[in-house]
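The residues making up each chain are set out below.
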Amino acid sequence: MTIDDLIQQSGEWLKGTGPDSDVVISSRIRLARNLSRFPFMTMATPEVRGEIQAFVRRRLEEALGARRVQYFPFAKLSPIDRQLLFERHLVSREHANGEGERGVAISPDETVSIMVNEEDHLRLQVLRSGLQLEQSYQQIDQIDTDLEQHLTYAYHSRFGYLTCCPTNVGTGLRISVMLHLPAAVLTKQIEKVLGTLARLNYTVRGLYGEGTSPIGDLFQISNQVTLGKSERDIITELKNVIPKVIEFERVWRHKLADDEPRKVEDRVWRAYGLLKHARVISSEETIEQLSYLRLGVYLGIIPQVPMTILNDLFIFTQPSHLQKIQGKVLEAVDRDVVRAEFIRKRLAAL
Amino acid sequence: MICGKCSKNHATVHVTEVVNGVKKEAHLCEECARAAGGKFTFSITDILANLIEPPKAGGKTVEATAPRCPECGISYTQFKEKARLGCPNDYEVFKAGLLPLLEKVHGSTQHAGKTPHTVESVIRKETELVRLKRDLDSVVKTEDFEKAAELRDRIRTLETELNKGKP
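Residues numbered from 1 in each chain as written. Chains lettered and ligands numbered in written order. Predicted model: local features only at pLDDT ≥ 70, side-chain atom pairs only at ≥ 80, totals over all residues. Heavy atoms only, no water.

S.K.: Just to check I follow, could you spell out the overall build of chain B for this structure?
M.R.: Helix and strand content of chain B: eight helices and four strands. The helix and strand sequence of chain B, counted from the amino end, reads β-β-α-α-β-β-α-α-α-α-α-α. When burial is assessed residue by residue, chain B has 35% of its 167 residues classed as buried. The contacts in chain B between residues at least 6 apart in sequence include a share of 34% that link residues at least 24 apart. Accessible surface, chain B as shown: approximately 10000 Å² in total, 51% of it carbon and sulfur. (Helix = DSSP H or I, 4+ residues; strand = E, 2+ residues; numbered from the N terminus. Buried < 20%, exposed > 50% of the residue type's maximum accessible area, 1.4 Å probe, protein only. Contact = heavy atoms within 4.5 Å. Areas by Shrake-Rupley, 256 points an atom, 1.4 Å probe, with all protein chains shown as cover.)

Put into structure tokens, the structure is as follows:
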């Protein structure tokens, strides 16, 4: 597997086949881990960073084998390739843009990625389509347990798994569920949802756009507390909360369609028309219009567009993906033209 | 009150923002407030740095008495500034300062989750014990006495096992 191969496929989470995928785009579970015999990244010299990477890479290959993951040292990747990994949600933005020796191990189906030398020595991640908290946790827990036979984690009987930032200490577990909430946004119910979640100690942030005006109606809900609760507690709590948000969104989608059918239909068809015929389109506009199209598919207004196509358009229209497809570096203005063309072709083929 | 940004003008705009359950205040003059464009977003580092106060330790602050970490060499002040630790050993060295911080951020200072298999089984049992006792507290509150009895049995068994190992 090479980075170029990623362009030929879409990861498991993009198949749109997981449970509740009409509202939940993906479930991600992350474990932060550090090695006991090295300083944290904040105090690691370039030599030590190199040593950590070489050590972890060796142990990853021993513990998991080449069949389960493949390691990519960032020193050998172009900036576009690193950005591509970020666009596919396989590494964090910080990891993609950071300096110094670092890398990532990825499973062939893209459900597993293990960042090495991010804020912590290891950041294990499992990413799956729809709401799959149990499966995702079992998968990551198994990998963590397998790895643990081959290296010694920094662990403290009182504080649990030790992390560079005290906000991650304990379980090192961060669950993030990505939700599509167009009806909650259109009906201005979103503030209520976000406020409730914040009171329950969850972090909610828009996936795209600045602060209070997220675009594309995509939101990420994550747990904040990592210490004092077991992994099971954290998962169970989210498993109780997320279905309520899903139900809320579904109810408002139908209410919207019942109360203002013309308005909803118009918005959906406009989005479809725009995406189908535009000659120049930005990332932001694409994300925004895709959101309405997705809503239209759910409500049966435009039944002919499959979810997988929507997900593909969502991922492959990002800057690095477009450049990889074209096989060359493109300026933003040229990308907007290539993006419009890509979307037109995909939608025309239906 | 003087503006927290330019430290020159009188602060007339007072902003309170709650991020992740942590209150953060800013006092700015009108000019600086306008320059900020009505947006007051504090980074997690800001918030944490604000929370990490030098707690009193026998009349002197931890900052004054705490040595640098002998392993990685960072001082408590450096930790305070960056809100990031330098090595695993810092959790012991800066424990006094960390405990109130963890309590504020997580509402707890005791791990109740997974334990590496490499860690001795004793520690695993102790962690399990803490969790069972906490579970017991909550089922007692909900008056689920059947579950409480079951938990009590498991606690007793674990305690006996743990005591056996002791000299």
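Moving on from the coordinates now.
S.K.: Please explain the sheet that holds strand S10 (residues 215-223) of chain A as it appears in this structure.
M.R.: Sheet strands pair via backbone hydrogen bonds, and the direction of the pair is either parallel or antiparallel. Residues and elements named next belong to chain A. Taken in spatial order, the eight strands of this open sheet run S2-S3-S4-S5-S1-S8-S10-S9, and their pairing is antiparallel. For this open sheet the edge positions go to strand S2 (70-73) and strand S9 (202-208), each flanked by a neighbour on one side alone. For this sheet, the mean angle separating the axes of adjacent strands, direction not counted, is 20°. With eight bridges joining them, strand S1 (residues 24-33) and strand S5 (residues 122-129) adopt antiparallel strand pairing. Paired with Ala 32 across the bridge in S5 is Arg 123. Its contacts with the sheet put helix H10 (residues 283-298) on S1, strand S8 (173-180), S9 and S10, and the angle it makes with S10 is roughly 85°. (Pairing = 2+ DSSP bridges. Axes fitted to C-alpha atoms, helices over the stretch in contact; angles between N-to-C directions.)

S.K.: When you look at the pairing of strand S3 (residues 103-106) of chain A in this model, what are you seeing that I'm missing?
M.R.: Where a strand is regular, its side chains alternate between the two sheet faces. Residues and elements named next belong to chain A. Covered by surrounding structure in S3 are Gly 103 and Ala 105 together with Val 104 and Ile 106, the residues of both alternating faces. Examined bridge by bridge, S2 and S3 share four bridges and lie antiparallel to one another. When the sheet's bridge partners are listed, Tyr 71 is paired in S3 with Ala 105. Where S3 hands over to strand S4 (residues 112-116), the hairpin turn is made up of five residues, of which Glu 110 adopts a positive phi near 65°.

S.K.: Explanation requested: the packing of aromatic side chains in the structure shown.
M.R.: Tallied over the full model, the rule gives 10 aromatic pairs over all chains. Between Phe 159 of chain A and Tyr 91 of chain B, the ring centres sit 5.8 Å apart and the planes meet at 45°, which makes this aromatic pair tilted. Note that Phe 159 of chain A is positioned in the loop between strand S6 (155-156) and strand S7 (160-161) and Tyr 91 of chain B in helix H5 (residues 90-93), a pairing that runs across two chains. One exposure class covers both Phe 159 of chain A and Tyr 91 of chain B, and it is buried. Pairing Tyr 76 of chain B with Phe 79 of chain B gives two aromatic rings, centres 5.9 Å apart and planes at 70°, and the pair type is edge-to-face. Highlighted residues: Tyr 76 of chain B and Phe 79 of chain B, both in helix H4 (residues 76-82), separated by three residues, approximately one helical turn. Three or more aromatic residues joined by ring pairs make a cluster, and in this case those are Tyr 153, Tyr 155 and Tyr 161 of chain A. A cation over a ring is seen here: Arg 33 of chain A above Tyr 153 of chain A, with NZ or CZ 5.6 Å from the ring centre. Its end group placed over the ring of Phe 55 of chain A, Arg 37 of chain A keeps NZ or CZ at 4.7 Å from the ring centre. (Phe/Tyr/Trp six-rings, centres within 6.5 Å; stacked < 30°, edge-to-face > 60°. Lys NZ or Arg CZ within 6 Å of the ring centre and 35° of its normal.)

S.K.: Would you take a moment to explain the packing of helix H9 (residues 261-277) of chain A against H10 of chain A for this structure?
M.R.: For any two helices packed against each other, one specifies the crossing angle of their axes together with the interaxial distance. Residue and element names in this part refer to chain A. Two elements in contact, H9 and H10, have axes separated by 8 Å at closest approach and are oriented at 130°. Regarding the angle of H9 to H10, the classification is oblique. Classified by chirality, the crossing of H10 by H9 is left-handed. In this structure, H9 uses Arg 267, Val 268, Ala 271, Tyr 272, Leu 274 and Leu 275 to contact H10, whose residues at the interface are Glu 285, Thr 286, Gln 289, Leu 290, Tyr 292, Leu 293 and Gly 296. (Parallel < 35°, antiparallel > 145°, perpendicular 65-115°, else oblique. Left-handed = near helix turned anticlockwise from the far one by under 90°.)

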